[in-house]
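Here is how the chains run, residue by residue.
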Amino acid sequence: MFKRYQNQKPGQSADLPPVEAPRPIAAAPVAAKRRVPAAANGAGDDGGEARRHRLLDLRIKIHQRILESLNLAAIETASEGELRQEIATLSREVLGELGVVVNAQEFEQMVAALVDEVVGLGPLEPLLRDPTVTDILVNTHKQCFVERKGKLVLTDVQFKDERHLMRVIDKIVSAVGRRVDEGQPWVDARLKDGSRVNALVPPCAVDGALLSIRKFSKSPIGIDKLISFGAFSEEMALFLHAIVSCRLNVLVSGGTGSGKTTTLNALSSFISNNERIVTIEDTAELQLQQVHVGRMERRPPNIEGKGEISQRDLLKNALRMRPDRIIVGEVRSGEVLDMLQAMNTGHEGSMTTIHANGPRDSVGRIENMVAMAGVELPIKAVRGQIASAIDVIVQVNRLSDGSRRMISIMEITGMEGDVVAMQEIFKFERTSVGEDGEVIGEYVATGLRSHFADRFKQWGVELPKDIFTPKRRTV
């Protein structure tokens, strides 16, 4: 199939020929072939490892043959079954030429891996298809970890060599119009399904290229699922629903991998379909389900160092787009000042996230980022802006057992002298650790009446009378 259309000109038809019935794996006399040796009696890790390497070498050679015969027009119009049969045919031809015999199971595994190489991301494809994997962490071509249920696990996934890994990285970043090389050794990108990708290559990566993929669920994780996972309690969910419905400005704070984006997605589910939402992100990750959403993404500089469009530029433009709410995926630097001003000038119900260890730390980080905006303001004026712009801080943490919990919901009540005044409404109290290392704790209402209780009443939002009564819910 590939050879027939190898010289096809652009614009010509790429109809595929009929697929022939698969031929036997052993296309040449077995006597003329050499069998790939296995470890004696199936034992011996060294023998098994050597066999895996030899099979990987075979796969690389077959892949090279496929690339030589490859026609992109035919690939794009071929079904997965047709592509698999054509790759199987080429594999038999190469095995026959090399005089190598493999068993049926190894042959099927080889064909599946070759299909992944041609149309996917090679060795990473099985991990991307695995719904239990949330993170994929490649440490050079020799080592790959995954995260399952909050725990890191070493896999047997390996790349042939550094060039093999670099080909996969180039395939990812080129698909979104970005680049990575010695001049620009790091890059943020995303896959077609929205998964977030970060790559770092030499010279900054000392031992070899590093690749991190944060997978996202194909369907957003809703409030009900998060409650069932123990991320927060039903009372906390009711309170969060109230603050979003009443268009209070929310800051989601937490560390790396703590679930900030998931929490932001869940909070956005409470927004009415009658409102216009504009999202601004460094790398598009949010999965909003509303009807009226305008999405924007930062653009990095080109190879000449020009053409960059920052989040701050997009935020300024968003103010001219008549948004009801503005959602910023994450504030990292000077755009925080524009975000505070937007929250203070009629865009109530806006949301954003920030990296911080706690609610009080998040306020300190915002103060530092305002200074990065290049505007010299007295610290009291900055804190006054924060106190009037942000209404609620939601703190999410990743605990030692890998679970992600909403450990605090705090309200900003105003200024007390030169200090931003805050009060905690709900919190997570860690009580003990189970036999398997699972963190055991309780969600607790502190007993303080919400500072926004009157606003809830004015907006027609009714909360259970005992929602703020101190009570414990063990998880």
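Rules of the game
Residues numbered from 1 in each chain as written. Predicted model: local features only at pLDDT ≥ 70, side-chain atom pairs only at ≥ 80, totals over all residues. Heavy atoms only, no water. Helix = DSSP H or I, 4+ residues; strand = E, 2+ residues; numbered from the N terminus. Buried < 20%, exposed > 50% of the residue type's maximum accessible area, 1.4 Å probe, protein only. Contact = heavy atoms within 4.5 Å. Areas by Shrake-Rupley, 256 points an atom, 1.4 Å probe, with all protein chains shown as cover. Pairing = 2+ DSSP bridges. Axes fitted to C-alpha atoms, helices over the stretch in contact; angles between N-to-C directions. Core = buried A, V, L, I, M, F, W, Y, C linked by side-chain atoms within 4.5 Å. Parallel < 35°, antiparallel > 145°, perpendicular 65-115°, else oblique. Left-handed = near helix turned anticlockwise from the far one by under 90°. Nonpolar A, V, L, I, M, F, W, Y, C, P; charged D, E, K, R; others polar. Salt bridge = Lys/Arg side-chain N within 4 Å of Asp/Glu carboxyl O. Phe/Tyr/Trp six-rings, centres within 6.5 Å; stacked < 30°, edge-to-face > 60°. pLDDT = per-residue confidence, 0-100.

Caption draft 1: Structural context of the overall build of the chain. Check the secondary structure of the chain and you find 14 helices and 18 strands. Buried residues in the chain amount to 48% of all 475 residues. In the chain, the proportion of contacts linking residues at least 24 apart, taken out of those at least 6 apart, comes to 58%. When the accessible area of the chain is evaluated, it comes to approximately 23,800 Å², of which 50% is carbon and sulfur surface.

Caption draft 2: Quick peek at helix α13 (residues 379-389). Among all positions of α13, only Val382, Ile386, Ala387 and Ala389 are buried. Taken together, the buried residues of α13 touch α11 (335-344), α12 (359-372), β15 (404-416) and β16 (419-433).

Caption draft 3: Spotlight on the sheet that holds strand β8 (residues 210-214). Taken together, the 6 strands give an open sheet; going across it, the order is β5-β4-β3-β8-β7-β6, and neighbouring strands pair in antiparallel fashion. Here the strands that pair on one side only, and so sit at the sheet edges, are β5 (151-154) and β6 (186-190). Averaged over all pairs of adjacent strands, the angle between their axes in this sheet comes to 15 degrees, without regard to strand direction. Pairing of β6 with strand β7 (residues 196-200), which is carried by 5 bridges, proceeds in the antiparallel orientation. Its bridge partner lying in β7, Val187 is registered against Ala199. Where helix α6 (residues 162-174) meets the sheet, its contacts fall on β3 (133-139), β6, β7 and β8, and the angle it forms with β6 comes to roughly 60 degrees.

Caption draft 4: Summary view of the nonpolar core. Membership of the largest hydrophobic core comes to 41 residues, with the highest contact counts inside it found for Phe239 and Ile243. Broken down by secondary-structure element, the contributors of at least two residues to this core are α7 (223-229), α8 (234-245), β9 (250-254), α9 (260-268), β14 (392-398), β15, β16 and β17 (439-445). The element best represented in this core is α8, accounting for 7 residues. Excluding residues within four positions of it along the chain, Ile243 makes contact with Leu248, Val250, Val392 and Phe456.

Caption draft 5: Structural view of α9. Counting buried residues in α9 gives 8 out of 9 residues, a clear majority hidden from the surface. Every buried residue of α9 is listed here: Lys260, Thr261, Thr263, Leu264, Asn265, Ala266, Leu267 and Ser268.

Caption draft 6: Local environment of the packing of α11 against α13. Interaxial distance between α11 and α13 falls to 9 Å at its minimum, and their mutual angle equals 50 degrees. On the basis of the axis angle, α11 is oblique to α13. In terms of crossing hand, the pair formed by α11 and α13 is left-handed. Between α11 and α13, the contacting residues are Leu340, Met343 and Asn344 on the first element and Gln385, Ile386, Ser388 and Ala389 on the second. Among the residues forming the contact of α11 with α13, the class breakdown is 4 nonpolar, 3 polar and no charged.

Caption draft 7: Region of interest: the pattern of salt bridges. If you walk through the whole model with that rule in mind, you get 19 salt bridges. Taking the shortest distance from any N to any O, the salt bridge between Arg247 and Glu275 comes out at 3.9 Å. Of this pair, Arg247 sits in the loop between α8 and β9 while Glu275 is found in the loop between α9 and β10 (277-281), placing the two residues 28 residues apart along the sequence. As far as burial versus exposure is concerned, Arg247 and Glu275 are alike and both buried. Close ionic contact of Arg322 with Asp324 constitutes a salt bridge, the shortest N to O distance being 3.2 Å. Judged by its relative accessible area of 57%, Arg322 falls in the exposed class. Linked through salt bridges whose partners overlap, the residues forming this network are Glu147, Arg398 and Arg404.

Caption draft 8: Just the side chain of Ser253, in detail. In this fold, Ser253 is placed in strand β9. A relative accessible area of 0% means that Ser253 is categorised as buried.

Caption draft 9: Focus on the packing of aromatic side chains. All chains considered together, the criterion is met by 4 aromatic pairs. Between the aromatic rings of Phe239 and Phe426, the centroid separation amounts to 5.8 Å while the plane-to-plane angle is 55 degrees, which identifies the pairing as tilted. Here the residue Phe239 occupies a position in helix α8, and Phe426 occupies one in strand β16, the gap between them amounting to 187 residues. Of the two residues examined, Phe239 and Phe426, each falls in the buried class.

Caption draft 10: A look at the pairing of β14. Judged by how many residues are buried, β14 sits mostly within the fold: 5 of 7 residues are covered. Across 5 bridges, the pairing between β9 and β14 is parallel. Within β14, the residue paired with Ser253 across the bridge is Gln395. Bridge analysis of β14 against β15 gives 7 bridges, and the strand direction is antiparallel. Note that in β15 the partner of Arg398 across the bridge is Arg404.

Caption draft 11: The packing of α12 against α13, seen in detail. Where α12 meets α13, the axes come as close as 10 Å, and the angle between the chain directions of the two elements is 120 degrees. Comparing their axes, α13 and α12 come out oblique. Along this stretch, α12 crosses α13, giving a crossing that reads as right-handed. In contact with Val363, Ile366, Glu367 and Val370 of α12, α13 contributes Ile379, Val382, Arg383 and Ile386. Residue composition of the contact of α12 with α13, by class: 6 nonpolar, no polar and 2 charged.

Caption draft 12: Main features of the confidence of the model for the chain. Per-residue confidence for the chain gives a mean pLDDT of 81, with 83% of residues at or over 70. Every residue in residues 1-44 is under pLDDT 50, and counting partners more than four places away or in other chains gives 75 contacts.

Caption draft 13: Geometry of the environment of Phe452. Mapped onto the elements of the fold, Phe452 is located in the loop between β17 and α14 (453-458). A residue is classified by how much of its surface remains accessible, and Phe452, at 8% relative accessible area, is buried. Taking the C-alpha atoms as reference points, Phe452 and Thr413, 39 residues apart in sequence, are found 8.9 Å from one another.

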